[in-house]
Amino acid sequence: MSETRSEASELWRRLDAHAERLRDTRMRTLFDREPDRLARCSAEAAGLYLDVSKNPIDAPAWSDLLALLEACGLPERRRAMFSGERINSTEGRAVWHVALRALEPPDEVARTLARMAELAEAIRDDTLRGATGEPIDDVIHVGIGGSHLGPELALHALAAEAHPRIAVHFLANIDGFSARRLTDRCSPARTLVIVASKTFTTLETAANATLLQEWLAGFDPDAPARQLVAVTANVEAARAMGIAESMILPFWDWVGGRYSLWSAIGLPVMIAIGADGFGRLLAGARAMDTHFLEAPAGRNLPVLLAAAGLWNRSVLGRGSLTVVPYEDRLALLPAYLQQLDMESNGKSVTHAGRPVERDTAPAVWGQQGTLGQHAYFQWLHQGTEIAAVDFIACAQASHGIDGHHRALLANCIAQAEALMLGRDRLRVEADLRERGMSESEAQAVAPHRSFAGDRPSNMILLGRLDAEHLGSLLALYEHKVFVQGVAWDINSFDQWGVELGKVLARRVVEELAGTATPAHDPSTNALIERVRAGGTPD
Ligand code: F6P
């Protein structure tokens with residue numbers, strides 16, 4: 001083992017010892033003992049305020065967490081990422097999405113941004129028209145995973161800034177109902193189709209792209225050439241689909257799919273909010289990049305968020321991260337972060353191919369507040385598992401409806417407090433007795449109504465939700481994922497784990513079509529036969 005790895009192993013052991021030492025210490029006690037706790041565990045940058053103080057970590061443990069990151073080579077790894085080194089070791093690629101939002105991006109990036117802006121503005125001001133001269137009112141963005149989640153999240157979050165005439169739709173799944181809903185709803189005379197796929201080989205996207213290409217051609221033979229745009233790192237494959245050079249927007253193998261919102265994959269966002277709005281999204285991310293590069297570890301938002309996560313996941317063994325935006329406009333954030341975190345860090349071997357020392361990415365899930373409060377919060381407060389929670393909220397809202405936003409924020413703040421403080425059984429009993437319940441009744445009811453508390457959470461507060469703040473928020477999470485990957489010594493930028501299912505599906509498609517004989521285990525064979533026979537045996 002290298003010297004740094006053995007130093008890291010020693011620090012992990014020290015963190016275990018801290019956890020043991022803190023096992024029976026309540027978070028409220030930590031606040032009493034540490035007058036500087038909030039100041040040490042909160043920081044502000046790029047329009048975001050982060051508070052990680054509601055985690056069961058004290059100052060000595062924090063300092064070892066930060067020492068661990070240093071020992072794992074965070075400063076060097078970060079420099080390597082920002083300077084475009086090939087840190088994606090299993091694919092021999094750079095991980096350079098930060099270059100997409102740099103103040104002075106590489107030439108090919110600047111050129112593509114200019115082409116995107118030209119196209120987006122031509123649609124917005126009606127100068128780009130369909131094959132029969134009609135304006136473009138609908139945009140169908142075809143793509144899945146990283147080629148879908150970021151654009152849809154951004155569109156949903158920034159709907160208030162969107163062009164009033166143009167509706168953007170997303171077609172991700174290979175589900176004919178979704179495709180049919182869009183072809184029924186949109187007119188082929190007035191629709192632009194964007195086929196977004198880094199590899200241009202993804203089954204779902206290829207099937208939907210072909211369907212829509214034929215849909216356009218069925219309306220007018222010239223429509224596909226004028227109304228279908230490809231966004232891809234596999235320009236050759238887009239050409240092979242018959243798409244003209246002028247309608248292909250490239251990006252590059254050094255942009256990971258789940259880090260590609262900032263590239264031409266963001267075209268539908270730019271069409272909706274304009275080149276200027278897209279520029280603000282990039283500027284917000286850039287502000288977070290600069291902060292991540294320059295701020296000392298103890299004041300660095302991505303580092304603080306990552307360190308709290310490492311403590312919960314890899315020291316205390318918490319298997320879940322629940323993401324709860326108190327903001328309907330961020331309703332798609334949990335799904336976006338699920339891919340970002342789980343596809344990046346859901347790994348079991350180190351760079352060197354050895355089993356990891358510690359548990360890696362938690363299961364990431366969630367739903368916006370307050371909706372989640374009426375569903376899974378019971379589990380968060382009183383379930384047998386302890387999950388880490390990320391609360392996300394915006395201090396201001398511009399909808400002008402008096403009272404709503406205050407109530408929304410009050411719920412967010414109160415839930416974080418309730419998770420931490422809990423409600424002691426003796427106190428519950430006393431309250432019940434005060435309300436007239438008999439001693440024996442109070443004792444019987446109290447266990448059901450008490451809360452253990454000491455459940456960890458982070459709070460991220462945005463000044464307001466606009467393109468700039470959204471950019472900072474997403475970059476914060478990108479860098480958090482990066483920092484955790486460094487601590488676990490894993491490659492956060494490949495996704496070999498998604499391949500096997502894809503390969504098997506190709507074979508099963510043949511077997512369902514009857515052009516191949518099922519040759520699997522008995523359970524799989526039976527399913528294939530049953531589906532071929534039309535389902536249930538009635
Ligand atoms: O889910 C696997 C994956 O490869 C993701 O990493 C990616 O974001 C998605 O499929 C779509 O890939 P592509 O952009 O190449 O169509």
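For the structure itself, consult the block above.
Residues numbered from 1 in each chain as written. Predicted model: local features only at pLDDT ≥ 70, side-chain atom pairs only at ≥ 80, totals over all residues. Heavy atoms only, no water.

Peer 1: For this particular structure, what's the right way to read a negative patch on the surface?
Peer 2: There is a patch of like negative charges on the surface, built from Glu3, Glu7, Glu70 and Glu76. Here Glu70 is to be found in helix α4 (residues 59-71). With a relative accessible area of 52%, Glu70 lands in the exposed category. (Patch = residues over 30% accessible without salt bridge, like charges linked within 9 Å, V, L, I, M, F, W, Y side chains within 5 Å. Areas by Shrake-Rupley, 256 points an atom, 1.4 Å probe, with all protein chains shown as cover. Salt bridge = Lys/Arg side-chain N within 4 Å of Asp/Glu carboxyl O. Lys, Arg positive; Asp, Glu negative; His and termini not counted. Charge placed at Lys NZ, Arg CZ, Asp CG, Glu CD. Helix = DSSP H or I, 4+ residues; strand = E, 2+ residues; numbered from the N terminus. Buried < 20%, exposed > 50% of the residue type's maximum accessible area, 1.4 Å probe, protein only.)

Peer 1: In this structure, what is going on with the sheet that holds strand β7 (residues 248-250)? I would like to understand it.
Peer 2: Where strands meet in a sheet, backbone hydrogen bonds hold them as pairs that are either parallel or antiparallel. Judged by pairing direction, the sheet is parallel, and its five strands sit side by side in the order β4-β3-β5-β6-β7 without closing on themselves. The sheet is open, and its two edges are formed by β4 (167-171) and β7, each paired on a single side. Neighbour-to-neighbour, the strand axes of the sheet open up by a mean angle of 20°, direction not taken into account. Sheet topology places strand β6 (residues 228-232) next to β7; three bridges connect them, and they run parallel. Looking across to β7, one finds that Thr232 is bridged to Pro250. On top of the sheet, helix α6 (residues 107-124) reaches β5 (191-196), β6 and β7; it is set at about 140° to β7, its chief contact. Contacts from helix α8 (residues 176-185) reach β3 (138-142) and β4 within the one sheet, and its direction differs from that of β4 by about 155°. (Pairing = 2+ DSSP bridges. Axes fitted to C-alpha atoms, helices over the stretch in contact; angles between N-to-C directions. Contact = heavy atoms within 4.5 Å.)

Peer 1: Where do I start with the state of the cysteines in this structure?
Peer 2: Here, disulfide denotes a covalent bond that connects the sulfur atoms of two cysteines. What the rule picks out here adds up to zero disulfides. Cys412 carries a free sulfur, and the closest cysteine sulfur to it, the one in Cys394, is 9.8 Å from it. Accessibility expressed as a relative area gives 1% for Cys412, which makes it buried. (Disulfide = S-S within 2.5 Å.)

Peer 1: What is the right way to look at the site of the ligand in this model?
Peer 2: Inspection of the region around the ligand gives 13 residues, with Ser147, Ser197, Thr199, Thr202 and Glu343 positioned closest. In the model, an oxygen atom of the ligand is placed 2.8 Å from a nitrogen or oxygen of the Lys198 main chain. The contact in question runs from an oxygen atom of the ligand to an N or O atom on the side chain of Gln339, over 3.2 Å. Spatially, the ligand is embedded in the largest pocket. For the shell around the ligand, the residue count by class is two nonpolar, eight polar and three charged. (Near = heavy atom within 4 Å. Polar contact = N/O pair within 3.5 Å; in protein donor to acceptor, adjacent residues only side chain to side chain. 1 Å grid on protein atoms, 1.4 Å probe; cavity = no way out; pocket = protein on both sides within 12 Å on 5 of 7 lines; lining within 4 Å. Sits in = over half its atoms within 2 Å of the grid points. Nonpolar A, V, L, I, M, F, W, Y, C, P; charged D, E, K, R; others polar.)

Peer 1: Would you take a moment to explain the pattern of salt bridges for this structure?
Peer 2: Two side chains carrying opposite charge are able to pair once their charged atoms lie near each other. A full pass over the atoms with the stated rule returns 36 salt bridges. Across the pair Asp58 and Arg21 runs a salt bridge, and its minimum N-O distance is 2.7 Å. Within this pair, whereas Asp58 is found in the loop between β2 (48-51) and α4, its partner Arg21 is found in helix α1 (residues 3-21), the two being separated by 37 residues in sequence. You can call Asp58 buried: its relative accessible area is 5%. For Glu439, the salt bridge identified is with Arg433, shortest N-O distance 3.4 Å. Relative accessible area serves as the criterion here: at 33%, Arg433 is assigned to the partly exposed category. When salt bridges with common partners are traced through the structure, they connect Asp126, Arg129, Glu134, Asp137, Arg165 and Arg190 into a single cluster.

Peer 1: Mind showing me how you'd approach the pairing of β3 here?
Peer 2: Taken residue by residue, a regular strand's side chains alternate between the two faces of the sheet. Burial analysis of β3 places five of its five residues in the buried class, which makes it a mostly covered element. Burial of the side chains of β3 extends over both faces: Asp138, Ile140 and Val142 are buried on one face and Val139 and His141 on the other. Pairing geometry for β3 and β4, over five bridges, is parallel. Note that in β4 the partner of His141 across the bridge is Phe170. A crossover connection joins β3 to the parallel β4 through helix α7 (residues 149-157); in handedness this β-α-β unit is right-handed. Note that β3 and β5 share five bridges and pair parallel. (Right-handed = clockwise from strand over helix to strand, strands pointing away.)

Peer 1: I'm lost on the packing of helix α14 (residues 333-345) against helix α19 (residues 467-488) in this one. Help?
Peer 2: If you want to describe how two helices pack, look at the angle between their axes and the distance between the axes. Put simply, α14 and α19 touch, their axes get as near as 10 Å, and they point 25° apart. Relative to α19, α14 is oriented roughly parallel. Considering only the axes of α14 and α19, their crossing is right-handed. In contact with Leu333, Tyr336, Leu337, Leu340, Asp341, Ser344 and Asn345 of α14, α19 contributes Leu473, Leu474, Tyr477, Glu478, Lys480, Val481, Gln484, Gly485 and Trp488. Within the contact of α14 with α19, the residues separate by chemical class into nine nonpolar, four polar and three charged. (Parallel < 35°, antiparallel > 145°, perpendicular 65-115°, else oblique. Left-handed = near helix turned anticlockwise from the far one by under 90°.)

Peer 1: Explanation requested: the packing of α7 against α14 in the structure shown.
Peer 2: In the contact formed by α7 and α14, the axes pass within 9 Å of each other and the chain directions differ by 155°. Here α7 lies roughly antiparallel to α14, going by the angle between them. In this structure, the crossing between α7 and α14 has a hand that is left-handed. Across the interface between the two elements, Leu149, Gly150 and Leu153 of α7 pack against Leu333, Ala335, Tyr336 and Gln339 of α14. Among the residues making up the contact of α7 with α14, the classes are represented as five nonpolar, two polar and no charged.

Peer 1: Would you explain unusual backbone geometry in this entry?
Peer 2: Peptide bonds are trans in most cases, and residues, glycine excluded, mostly fall at negative phi. For the peptide bond that leads from Gly369 to Thr370, omega is 5°, which places it in the cis range. With respect to the secondary-structure elements, Thr370 resides in the loop between β9 (363-365) and α15 (377-382). The phi angle at Ala46 is positive, at roughly 50°, despite the residue not being glycine. Note that Ala46 resides in the loop between β1 (42-45) and β2.

Peer 1: Explanation requested: empty space enclosed by the protein in the structure shown.
Peer 2: With a probe scaled to a water molecule rolled over the atoms, the places where space remains empty come into view. All chains considered together, the criterion is met by four cavities of 30 Å³ or more. Considered as a void within the structure, the largest cavity measures approximately 120 Å³ in volume. Lining the largest cavity are 15 residues, with Gly309, Leu321, Pro362, Ala388 and Lys480 sitting closest to its centre. The set of elements that each furnish at least two residues to the lining of the largest cavity consists of α13 (301-315), β8 (320-325), β10 (388-394) and α19. The greatest single-element share of the lining of the largest cavity, amounting to four residues, is contributed by α13. Among the residues forming the lining of the largest cavity, the class breakdown is five nonpolar, five polar and five charged. In this structure, the second largest cavity spans a volume of roughly 50 Å³. Along the walls of the second largest cavity sit Leu100, Val109, Thr112, Leu113, Met116, Pro250, Trp252, Trp262, Ser263 and Ala264, which together make up its complete lining. Examining the composition of the lining of the second largest cavity, we find that four residues originate from one element, α6, more than from any other. (Points joined across faces, edges and corners; volume = space filled by probe spheres on them.)

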